[in-house]
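Each chain is listed here by its residues.
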Amino acid sequence: MNELDALVQSARSGFAQAITPAELENAKAQYLGKAGSITELMKGLAALSVPEKKSRGAAINLAKQAIEAALNERRRALAQAELQAQLKAEALDLSLPGRQRGSGGLHPVSLTLERIEAIFGSMGFELAEGPEIESDWFNFTALNTPADHPARSMHDTFYVEGGSEQAPYLLRTHTSPMQLRYALAHVKRHRAAIDAGAGMPEIRVIAPGRTYRVDSDATHSPMFHQCEGLWIGENVSFKDLKYVFTDFCRLFFESDDLALRFRPSFFPFTEPSAEVDIQFQSGPLAGRWLEVAGSGQVHPNVVRNMGLDPERYIGFAFGMGPDRLTMLRYGVNDLRLFFDGDIRFLAQFN
Ligand code: PHE
């Protein structure tokens, strides 16, 4: 075997020993690099005669091509091996059990709100929502509750930055500000017809949402829900309030023999005012009167603040507690359970 064949041999076995691409590139340098054997042989040609150069040069070139071919072959083999190893490492194990995606559900209070909306919707009530950060004016003053009114002390709440001392912002203590917000928008839409004496379509709306007071025990949470109701027209009376609310409670609790009682009460923005109590005839709560809402005929001053003539427009409002309704419907005795976020409790309602 001549010296060139031996060189090709040794290159082949050198490449074969390389097991990573980096090792292969190192082995390549030994033969084809700047100081590699082939390069050195080429340099040696300079000392030869022209015919010798020709034949020796051709032989060295053949050896060089053979080494390059061996190098490329080994490169491909290493790349292939690497790919195989990668595929093997990343293989999907289809025998593993899949991950469960537990199905979600609505919060019990949300279920109640949906129920309230559906029942009042079926009675022709619109649905409205309003801001939780409210002005002192909408929350109190416009509702016939001026700054020095003692009823304000029952609505201690959280004041927030942004307003002035005379007109602070606060977290609304009830949804009653929505009576005004909704009525004002409605009256604005129909202003021309109202002024022309043609009147306006009745206002019939419910406004559910979050409300806030400084209160915290088993039946009070600093954040709680209310749902306001308002019906204003030219001939809406207390008897309408009684049948609407009675129908609502019977539909909500799916009980035809539920008793209702309108107990005289006081709110600055209604006159007369009544607390609404319900009584189940059967079940664990049977016989007890349970308060579920405040209500009353909208006070003339509030009707006036809506931009309407209280001699012509009259109606009723109510504010109920969806949290309370949820507790009664499901027999839950601690309100805080609804807001602790314990999935074991919440999941039971779906
Ligand atoms: N806003 C009253 C409350 O939070 C409830 C109410 C609403 C009473 C509408 C009368 C009319 O206590």
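Here the structure is shown first, and the text comes after it.
This structure is a prediction, so every number in the text was calculated from the model and none was measured.

## Section: the overall build of the protein
Alright, step 1. Broken down by element type, the protein carries 12 helices and 10 strands.
Alright, step 2. Taken over C-alpha atoms, the radius of gyration comes to 43 Å for the protein, far larger than the 20 Å a tight globule of 350 residues would show.
Alright, step 3. On the principal axes, the C-alpha backbone points of the protein span a range of 130 × 50 × 40 Å.
Alright, step 4. Considering the protein as a whole, with its 350 residues, one finds that 42% of them fall into the buried category.
Alright, step 5. Long-range contacts, defined here as pairs at least 24 residues apart, represent 63% of the contacts in the protein between residues at least 6 apart.
Alright, step 6. Approximately 19700 Å² of the protein is accessible, and the part contributed by carbon and sulfur atoms is 53%.
Alright, step 7. Here the protein holds 36 positive side-chain charges and 43 negative ones, and the gap between their average locations is 10 Å.

## Quick notes on the environment of Pro 284
Alright, step 1. Its location among the elements puts Pro 284 in the loop between strand E8 (270–279) and strand E9 (290–298).
Alright, step 2. A residue is classified by how much of its surface remains accessible, and Pro 284, at 86% relative accessible area, is exposed.

## With respect to the sheet that holds strand E2 (residues 133–135)
Alright, step 1. Across the sheet, which stays open at both edges, the three strands sit in the order E2-E4-E3 with antiparallel pairing between neighbours. Each edge of the open sheet is held by one strand with a lone partner, namely E2 and strand E3 (159–160).
Alright, step 2. Pairing between E2 and strand E4 (residues 169–171): three bridges, direction antiparallel. Paired with Glu 134 across the strands is Leu 170, a residue of E4.

## Comments concerning the pattern of salt bridges
Alright, step 1. Under the definition given, this model contains 16 salt bridges.
Alright, step 2. Here Glu 40 and Lys 43 are joined by a salt bridge, their closest N and O atoms 3.4 Å apart. Placement of the pair is Glu 40 and Lys 43 together in helix H3 (residues 37–44), with a separation of three residues, close to one helical turn.
Alright, step 3. By relative accessible area, Glu 40 is classed as partly exposed at 40%.
Alright, step 4. Via salt bridges that share partners, Arg 261, Arg 263, Asp 277 and Glu 291 belong to a single interconnected network.

Definitions and cut-offs
- Residues numbered from 1 in each chain as written.
- Predicted model: local features only at pLDDT ≥ 70, side-chain atom pairs only at ≥ 80, totals over all residues.
- Heavy atoms only, no water.
- Helix = DSSP H or I, 4+ residues; strand = E, 2+ residues; numbered from the N terminus.
- Rg over C-alpha atoms; globule rule 2.2 N^0.38 Å.
- Buried < 20%, exposed > 50% of the residue type's maximum accessible area, 1.4 Å probe, protein only.
- Contact = heavy atoms within 4.5 Å.
- Areas by Shrake-Rupley, 256 points an atom, 1.4 Å probe, with all protein chains shown as cover.
- Lys, Arg positive; Asp, Glu negative; His and termini not counted.
- Charge placed at Lys NZ, Arg CZ, Asp CG, Glu CD.
- Pairing = 2+ DSSP bridges.
- Salt bridge = Lys/Arg side-chain N within 4 Å of Asp/Glu carboxyl O.

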